[in-house]
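# Structural features, examined
Okay, here's what each chain looks like letter by letter:
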Amino acid sequence: MQLSSATTMLAAAVAHAEHLGVRVCISIVDATAWPVAFMRMDGTILGAIDVANKKARTATLFQMDSADFARIARPDGVAYSLENTNGGLTSFGGGLTIRDTNGTCLGAIGVSGASTEDDIAIARAALLALSP
């Protein structure tokens, strides 16, 4: 994940959040789950900072969207309490993997601060900004 791609994604995410009328935090990490870029829109609740970071880390570390991770980490899932590993993860939507054209995971984006559905939509808009 390169900084230029991350800043393109940030701009698209902010534009979509503004279109939806919501304020969010956006975290972008590389394939090793280390931060590349982060933004907190003015007025976003402070608790969303940690959640956005954990959504991105979860998606990267397990190479699956955080909503999919939630299906296995819920109380009746095959890996209940998995979110307590790796320094803390999150098991709800808003973290999406970033993949190259070969399907290799390059990192992830995590969005938090709005409804789960809006967080996912904002992250998807950011991913679309990378499409050729």
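Residues numbered from 1 in each chain as written. Predicted model: local features only at pLDDT ≥ 70, side-chain atom pairs only at ≥ 80, totals over all residues. Heavy atoms only, no water.

## Quick notes on the packing of helix α1 (residues 3-20) against helix α4 (residues 116-128)
The test is simple: Every axis corresponds to a line fitted to the C-alpha atoms, with the helix fit spanning only the stretch in contact, and the corresponding angles, defined between N-to-C directions, vary from 0 to 180 degrees. Put simply, DSSP marks the helices as runs of H or I at least four residues long and the strands as runs of E at least two long, and each gets a number from the N terminus on. Should an angle lie under 35 degrees it is considered roughly parallel, over 145 roughly antiparallel, and from 65 to 115 roughly perpendicular; all remaining angles are considered oblique. Handedness of a helix crossing follows the sense of rotation of the near helix relative to the far helix, less than a right angle counterclockwise being left-handed and clockwise being right-handed. A contact between two residues is defined here by any heavy atoms of the two lying within 4.5 Å.
Contact geometry for α1 and α4: axes closest at 7 Å, N-to-C directions at 140 degrees. By the angle class used here, α1 and α4 are oblique. Between α1 and α4 the crossing geometry is right-handed. Of α4, the residues touching α1 (which contributes M9, A12, A13, H16, A17 and L20) are D118, A121, I122, A125, A126 and L127.

## Notes on unusual backbone geometry
Selection rule: Exposure classes here rest on a 1.4 Å probe applied to the protein chains alone. A residue is buried below 20% of its type maximum, exposed above 50%, and partly exposed in between.
Non-glycine residue A33 carries a positive phi angle of around 75 degrees. Within the secondary structure layout, A33 lies in the loop between β1 (25-30) and β2 (35-40). With a relative accessible area of 10%, A33 lands in the buried category. The backbone of Q63 sits at a positive phi, close to 50 degrees, despite the residue not being glycine. Position of Q63 among the secondary structure elements: in the loop between α2 (47-62) and α3 (66-73).

## Here we look at the pairing of strand β3 (residues 95-99)
To keep it simple, the criterion reads: Between any two strands, pairing holds if DSSP finds at least two bridges.
Extensive coverage of β3 is indicated by the burial of four of its five residues. Strand direction decides the pairing type here: β3 and strand β4 (residues 105-112), joined by five bridges, are antiparallel. What sits directly across from R99, in β4, is C105. In sequence, β3 turns back onto β4 through a hairpin of five residues, with G103 there showing a positive phi of about 90 degrees.

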